[in-house]
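Take a look at the letters that make up each chain.
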Amino acid sequence: MEPTAIADNYIAAIKKGILKTMSKMGISTLRSYAGAQLFEAIGLERPLIDKYFTGTSSRIGGIGLEQIAREAIARHRSAFDRRQPGTLDLEFGGEYHFRHNGEQHLWNPTTVSKLQQAVKYDDPDAYADYARAVNDQSEKLCTLRGLFEFVPAQPVDIEKVEPAREIVKRFCTGAMSHGSISKEAHECMAIAMNRLGGASNTGEGGEDPARYTPLPNGDSKNSSIKQIASARFGVTLNYLAHASELQIKIAQGAKPGEGGQLPGHKVTEEIARLRHSTPGVTLISPPPHHDIYSIEDLAQLIYDLKCANPGVKVSVKLVAEVGVGTIAAGVAKANADEVLISGHDGGTGASPLSSIKHTGCPWELGLAETQQVLVLNALRSRIKVQADGQMKTGRDIVIAALLGAERFGFGTAALVCLGCTLLRKCHEGACPFGIGTQDPELRARFAGKPEYIERFMYFIAEEARGLMAQLGFEKFDDMIGRVERLGSKKAVEHFKAQGLDMTAIFHQPDAAEDAAMRQTQTQPNKLDDHIDRQIMEKAAPALENAERTVIEMPIRNTNRTVGAILSNRILQKHGPNGLGDDTLQIVFTGSAGQSFGAFLPPGVTLRTCK
C-alpha cells in the first residue's frame, strides 16, 4: 500500500472517530465542542483534576500522576522487553471479548455456565457458585459496588423477611426491542415476567398486536411496559392502550448520546410492519427525544400518554451522568410516576462495538445523585426510582435499594438465562443461539424457556432475602434509601484503588428527619376536568352505537391533548379500526391547546374555527 493511501486511511478513521464522539455529545460544530467540558473524570484525584483538567466534574477521587506514570511505564516495558522464544508478539487484550489472561469480565465462562446450569436445572448450588464468582470483586475491581461493603447490624430471622414472591414483583427485564432480539426471546421474557407479576419492556420497536390476546393456558406475551422513543417506531393508540406503564426514553444506558440503532439487515418484513417502516432500511432514533427540549415539553408528553391510556403509569428513562439528579427532579415535577436511572454497562442487540465503551457513568453514581436531589427537594415521596445496568445478583439489588431504588432491571442476565454466551455478534445478526438475530434458521435454534427466567428472578430474590436478614430488614421498603448501611472496603490491594473516595455516593442530604426515602404517594390526577369528559357525554350515540353524530362546543388553548381520552374510549369499545369515516364530527370554536387531536382513531374528525 502506498504511503499516501495509508495516511488517507488513517485520517479517514480518525475523522470518523472524532465525528462519532462529537455526535454522542450532541455537538454540531467543532468550535462548540472545544472547551465544552462535557466529560466526567472517574478515578482521578482532585489535585490532578484541578491542575490539568480544571473545571471537569469528578466525584469519587482516585489516582494521581504517580500511579498514571507507573501504568504508562509498565505498558512501555511490556512493549519493548525482549520476549521469550515462542511467545506471542502482542497480548490479546480482551476489552470486548473474554480472553484468558486478558481484561477481567464479570461475564466469563464460569459465571455464564454456572448461571445457565442453575436456571436450566433449578440448581441452587450452581446459582450460589455463580453469585459468589460475581460478588467476589475485591481483587477484580470490575465495578464501583465491588468496592462497597455492608455495615454490620443486628440480624433477623430469615423467616420474618418479606417473601421472594413479593420481591420479584419489583423486577423488570430490559428495554430490548423485538428487532434487536428475536421474537422468540422477546416473547419468552414477557411470558416469564407476567407470570411473576414483574414487568417486561417492549423496547423502542413496537409490539405485535397478536400478543395482546392471552394464550389458551393463561400466559400472556403482552409486555406491560411499552417504550416511547425518539422516532416512536410502532407507537399507535392500540399499542399505548395495552400497557400498564409507558416509558419515555430520553436516552439509553448502553450508548447514551447515540440513541437507538437497528441495522438494516435486521429490519425484516415483519419488523418493518411492526415499526411502520421499510424492510432493509436502518432505523435510528436521535439521541435526545426529538420533541423534548425542556421539562415543559416532557410534561406535555407525559400528559399526552396519560390521556391516551387513562390510569397508566408513566416512567422516564435517563442515563447515569453528572447532573442527572436535577433532571430527575424535573421529571418528578412533570408528573411522571417513575424515573429510571440506567447505567453505562451493557449493550443492546444492535450496538456496534465502538458504541459501548466510554459513554455514561456507573448506575451507582447516577442513582445516588438522583436519590439525594429528590430527597433534598422533598420530591422523593412522589415518584418511584428504578435502576438498571448489568445487575446480576441479589447483592446488586440490595446495594441499589440502599442507594434509593425501588425497582430493578435485568437485561444481559435475562438473555444469558435464555442461552446467550456473549459472543458479541448481536449487531451482525449472527447469534447462534437464536437470540440477537432475525435469521429464521438461527431463530429455530432458540432453546430458552420462561421457566429459566422465573428461576433466575427467584434465585436473585432469595439471595436478597438472605442479605436483608443479615442487615436486619424484614420489609424491602424499609431498606430503600438506607445509605448509612453501606461503606467502602478499607484495604484493596491494587495501586489504582488508592485515593478512591466514595463520600459523594454515601452522602446523606440535609433534609427533614421525616423526609421520605421512597415513594409514599401518587402523583396528582390531572385528567378529571379534561374536556373529553364533556365530549363523551355528548357523543354517546357515536360511542355506543356508531351513529353519525355532530357536536359543536367551545375550546380554549388551555384544553390540551383534546381527543386522546375519547380515542381510548373508542378503541376499547370498537377496536383498533375505530369507527366509519366521519361517524363523529366535532366542531370547536376558539383556539386549541397543545397536542390537539393526538392519537385519533379512524372515524373521528376534529375542526376548529374562530
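Everything below is about the structure shown above.
Residues numbered from 1 in each chain as written. Predicted model: local features only at pLDDT ≥ 70, side-chain atom pairs only at ≥ 80, totals over all residues. Heavy atoms only, no water.

**Focus on the overall build of the protein**
Scanning the protein for helices and strands turns up 22 helices and 17 strands. A compact globule built from 610 residues would reach a C-alpha radius of gyration of about 25 Å, and the protein, at 26 Å, matches this within 12%. Considering only C-alpha atoms, the protein reaches an extent of 90 × 70 × 50 Å along its principal axes. Per-residue burial over the protein gives 52% buried out of 610 residues. Surface exposure of the protein reaches about 28400 Å², of which carbon and sulfur atoms provide 51%. Once the 69 positive and 71 negative side-chain charges of the protein are each reduced to a mean point, those two points are 2 Å apart. (Helix = DSSP H or I, 4+ residues; strand = E, 2+ residues; numbered from the N terminus. Rg over C-alpha atoms; globule rule 2.2 N^0.38 Å. Buried < 20%, exposed > 50% of the residue type's maximum accessible area, 1.4 Å probe, protein only. Areas by Shrake-Rupley, 256 points an atom, 1.4 Å probe, with all protein chains shown as cover. Lys, Arg positive; Asp, Glu negative; His and termini not counted. Charge placed at Lys NZ, Arg CZ, Asp CG, Glu CD.)

**Observations regarding the environment of Ile 68**
Looking at the element boundaries, Ile 68 is found in helix α4 (residues 65-80). The class for Ile 68 is partly exposed, based on a relative accessible area of 35%. The contact partners of Ile 68, leaving out residues within four places of it in the chain, are Leu 44, Leu 48 and Ile 63. (Contact = heavy atoms within 4.5 Å.)

**Section: the side chain of Thr 370**
When you line up the elements, Thr 370 lands in helix α13 (residues 363-376). Thr 370 has contacts with Val 324, Gly 325, Ala 328, Val 339 and Ile 341, leaving out every residue within four places of it along the chain.

**Observations concerning the packing of helix α6 (residues 124-135) against helix α17 (residues 450-471)**
The description of two helices packed together rests on the angle between their axes and the distance between the axes. Contact geometry for α6 and α17: axes closest at 11 Å, N-to-C directions at 65°. Here α6 and α17 pass one another in a crossing that is right-handed. Residues Pro 124, Tyr 127, Tyr 130, Ala 131 and Asn 135 of α6 form the contact with α17, whose participating residues are Phe 456, Phe 459, Ile 460 and Glu 463. Of the residues that constitute the contact of α6 with α17, the class distribution is seven nonpolar, one polar and one charged. (Axes fitted to C-alpha atoms, helices over the stretch in contact; angles between N-to-C directions. Left-handed = near helix turned anticlockwise from the far one by under 90°. Nonpolar A, V, L, I, M, F, W, Y, C, P; charged D, E, K, R; others polar.)

**Quick notes on the sheet that holds strand β15 (residues 549-555)**
Read from one edge of the open sheet, three strands run β15-β16-β17, paired in parallel fashion. Of all the strands in the sheet, the pair left with one neighbour each is β15 and β17 (604-609). Here the strands of the sheet are splayed against their neighbours by 20° on average, with no regard to which way each runs. Pairing of β15 with strand β16 (residues 584-590), which is carried by seven bridges, proceeds in the parallel orientation. (Pairing = 2+ DSSP bridges.)

**Looking at the packing of helix α5 (residues 109-121) against α6**
At a minimum axis distance of 8 Å, the contact between α5 and α6 shows a crossing angle of 150°. One element, α5, and the other, α6, form an angle in the roughly antiparallel class. Regarding α5 and α6, the two cross each other, and that crossing is left-handed. Facing Thr 111, Lys 114, Leu 115, Gln 117 and Ala 118 of α5, the residues of α6 in contact are Ala 126, Tyr 127, Asp 129, Tyr 130, Ala 133 and Val 134. Residue composition of the contact of α5 with α6, grouped by class: seven nonpolar, two polar and two charged. (Parallel < 35°, antiparallel > 145°, perpendicular 65-115°, else oblique.)

**Looking at the pattern of salt bridges**
Here the structure, examined in full by the defined rule, presents 27 salt bridges. Measuring nitrogen to oxygen at the nearest pair gives 2.4 Å for the salt bridge that ties Lys 226 to Glu 207. Of this pair, Lys 226 sits in strand β6 (residues 225-228) while Glu 207 is found in the loop between β5 (199-201) and β6, placing the two residues 19 residues apart along the sequence. As far as the burial class goes, Lys 226 and Glu 207 line up, both buried. The partner of Glu 406 in a salt bridge is Arg 380, and the shortest N-O contact between them spans 2.7 Å. Pair noted here: Glu 406 is in the loop between α14 (394-403) and β13 (407-410) and Arg 380 is in the loop between α13 and β12 (384-388), with a separation of 26 residues, a long-range link. Among the ionic contacts, a cluster of salt bridges with common partners joins Arg 195, Asp 219, Glu 451 and Glu 454. (Salt bridge = Lys/Arg side-chain N within 4 Å of Asp/Glu carboxyl O.)

**A short note on the nonpolar core**
Formed by 110 residues in total, the largest nonpolar core has its most connected members in Phe 171, Leu 403, Phe 408, Phe 456 and Ile 505. If you tally residues by element for this core, the top one is α17, at 12 residues. Aside from chain neighbours lying at most four places away, what touches Phe 456 is Leu 115, Val 119, Tyr 130, Lys 392, Phe 410, Ala 413 and Cys 417. One finds Ile 531, Ala 542, Leu 579 and Val 604 within the second-largest nonpolar core, a separate group that totals 23 residues. (Core = buried A, V, L, I, M, F, W, Y, C linked by side-chain atoms within 4.5 Å.)

**Describing helix α22 (residues 564-574)**
Within α22, burial applies to Ala 564, Ile 565, Leu 566, Ser 567, Asn 568, Ile 570 and Leu 571. Next to the buried residues of α22 lie α9 (237-241), α11 (295-308), α20 (531-538), α21 (540-545), β16 and β17.

**Overview of a negative patch on the surface**
Negative charge collects at one region of the surface, where Asp 157, Glu 159, Glu 474 and Asp 478 lie side by side. Here Asp 478 shows up in helix α18 (residues 476-479). Among the residues examined, Asp 478 registers a relative accessible area of 43% and is labelled partly exposed. (Patch = residues over 30% accessible without salt bridge, like charges linked within 9 Å, V, L, I, M, F, W, Y side chains within 5 Å.)

**A look at the pairing of β13**
Covered by surrounding structure in β13 are Arg 407 and Gly 409 together with Phe 408 and Phe 410, the residues of both alternating faces. The pairing of strand β4 (residues 171-175) with β13 spans three bridges and is classified as parallel. By the bridge assignment for β13, Phe 171 is matched with Phe 408. Viewed along the sheet, the connection from β12 through α14 into β13 turns out right-handed. (Right-handed = clockwise from strand over helix to strand, strands pointing away.)

None of this, on its own, says anything about what the molecule does.
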